[in-house]
Amino acid sequence: MRKLLRGLVASVFAVGTMFGIATSAQAEGERIILISHAPDSDSWWNTIKNGLALAGDHVNAEVEYRNPPTGDIADMARIIEQAAASNPDGIITTLADPDVLSGPIQNAVAKGIPVIIINSGTPEQAADVGALMYIGQPEYDAGLAAGMRAKRDGIGSFLCVNHVVSNPVVGERCRGFADGLGVELGDSMLDSGQDPAEIKNRVKAFLSANPDTQAVLTLGPTSADPTIEALKENGMAGKIYFGTFDLGTEIVKGIKDGTIQWGIDQQPFLQAYLPVVVLANYQRFGVLPGNNINSGPGFVTKDALSKVEEFAGEYR
């Protein structure tokens, strides 16, 4: 995989040389900072970190990952301000809460720092804050597609296990899923918190109090892994319809053994890798893709696990 990606990036820069852009004019060594809203405990972001590091290696850019250790959005806003004050050549950031983060991002743009929004937010919100582009998965649309898929499979009620209620963008996955089913979200979204034992107990309690629930939707490994344990303990593993956003080691195992029907892959590797390449090209040659890039959603099922299983937690 490294050879393939390195060859792809080399080809991109070779095109510039073919058309008269001298190699000596390439200002290699750009400093690019990626800022996420994720707490340290969220292992899903390891793939983001890997994509960031590999892209920096491939384009010879200095890259750095920063995040609020507890996932506090106000802390994230301060990190964006600090990053902008250091005058990097580019900032890549999530837009988890536009009300809190728009100001610091717009200030960075006003300083002349190119910004790309990834993961959280929407293309429209990225444009509103002055970002160059958006690379990620439109969350409501992904939830809607998942809900429509579940409806075709005969599902009419569900539990959405939301481990990041503080991030309103992620909650759009639950709302989209409900709309895809054609039902009201109502009390179906559970504020589970992020403690694995608490998530497991709250899922078990909800399903015990609502025995007619036909499906469970989780929003990432943080909520999926404890939910898998909850379903094993209450005897519902493999019996209740279970879909999840994102991938991880335990999620892949769950898909493989039939506990989980599908996982939605938003390809976090691309969310980190592509913006570094884009920013390097933008700084060196002034070129920029003409459109935003949707990295997902893609549904991963039991019959399409080979590559996913091989690279789960690393590049997938």
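Structural data are supplied above this passage.
This text gives an overview of the structure that appears in the document. (Residues numbered from 1 in each chain as written. Predicted model: local features only at pLDDT ≥ 70, side-chain atom pairs only at ≥ 80, totals over all residues. Heavy atoms only, no water.)

Observations concerning helix H7 (residues 168–181)
Spanning 14 residues, H7 covers 20 Å between terminal C-alpha atoms, matching the ideal 20 Å at 1.5 Å per step. Of all the 14 residues making up H7, ten are buried; the element is thus mostly covered by neighbouring parts of the structure. Those residues of H7 not exposed but buried are Val169, Val170, Gly171, Arg173, Cys174, Gly176, Phe177, Ala178, Gly180 and Leu181. Packed against the buried residues of H7 are helix H6 (139–152), strand E6 (158–162), strand E7 (189–191), strand E8 (215–218), strand E9 (241–245) and strand E10 (262–265). Immediately downstream of H7, the backbone of Gly182 shows phi near 80°, a positive value. (Helix = DSSP H or I, 4+ residues; strand = E, 2+ residues; numbered from the N terminus. Expected span 1.5 Å × (residues − 1). Buried < 20%, exposed > 50% of the residue type's maximum accessible area, 1.4 Å probe, protein only. Contact = heavy atoms within 4.5 Å.)

Regarding the packing of aromatic side chains
When we look at a pair of aromatic rings, we describe it by the centre distance and by the angle of the planes. All chains considered together, the criterion is met by seven aromatic pairs. Note on Trp44 and Trp45: the rings are 5.0 Å apart at their centroids and 80° apart in plane angle, and the pair reads as edge-to-face. Residue Trp44 shares its accessibility class with Trp45, and that shared class is buried. Ring centres 5.3 Å apart and planes at 85° place the aromatic pair Trp262 and Phe299 in the edge-to-face group. Note that Trp262 is positioned in strand E10 and Phe299 in strand E12 (residues 298–300), a separation of 37 residues in sequence. On the basis of relative accessibility, which here comes to 2%, the residue Trp262 falls in the buried class. The class for Phe299 is partly exposed, based on a relative accessible area of 27%. A network of ring pairs unites the aromatic residues Phe269, Tyr273, Phe311 and Tyr315 as a single cluster. In this arrangement the basic side chain of Arg149 is found over the ring face of Phe299, its NZ or CZ atom lying 4.7 Å from the centre. (Phe/Tyr/Trp six-rings, centres within 6.5 Å; stacked < 30°, edge-to-face > 60°. Lys NZ or Arg CZ within 6 Å of the ring centre and 35° of its normal.)

Focus on helix H3 (residues 73–85)
For an α-helix the count is 3.6 residues per turn, leaving residues at separations of three or four pointing the same way. The terminal C-alpha atoms of H3 lie 19 Å apart, and with 13 residues this matches the ideal 18 Å at 1.5 Å per residue to within 8%. Of the positions making up H3, those classed as buried are Ile73, Met76, Ala77, Ile79, Ile80, Ala83 and Ala84. Down the axis of H3, the buried side of the element spans an arc of 160°, and every buried residue falls inside it. The exposed residues of H3 that point more than 90 degrees off its buried face are Gln82 and Ala85. Against the buried residues of H3 lie strand E1 (31–35), strand E2 (62–66), strand E3 (90–93) and helix H4 (98–110). (Arc of directions from axis to C-beta.)

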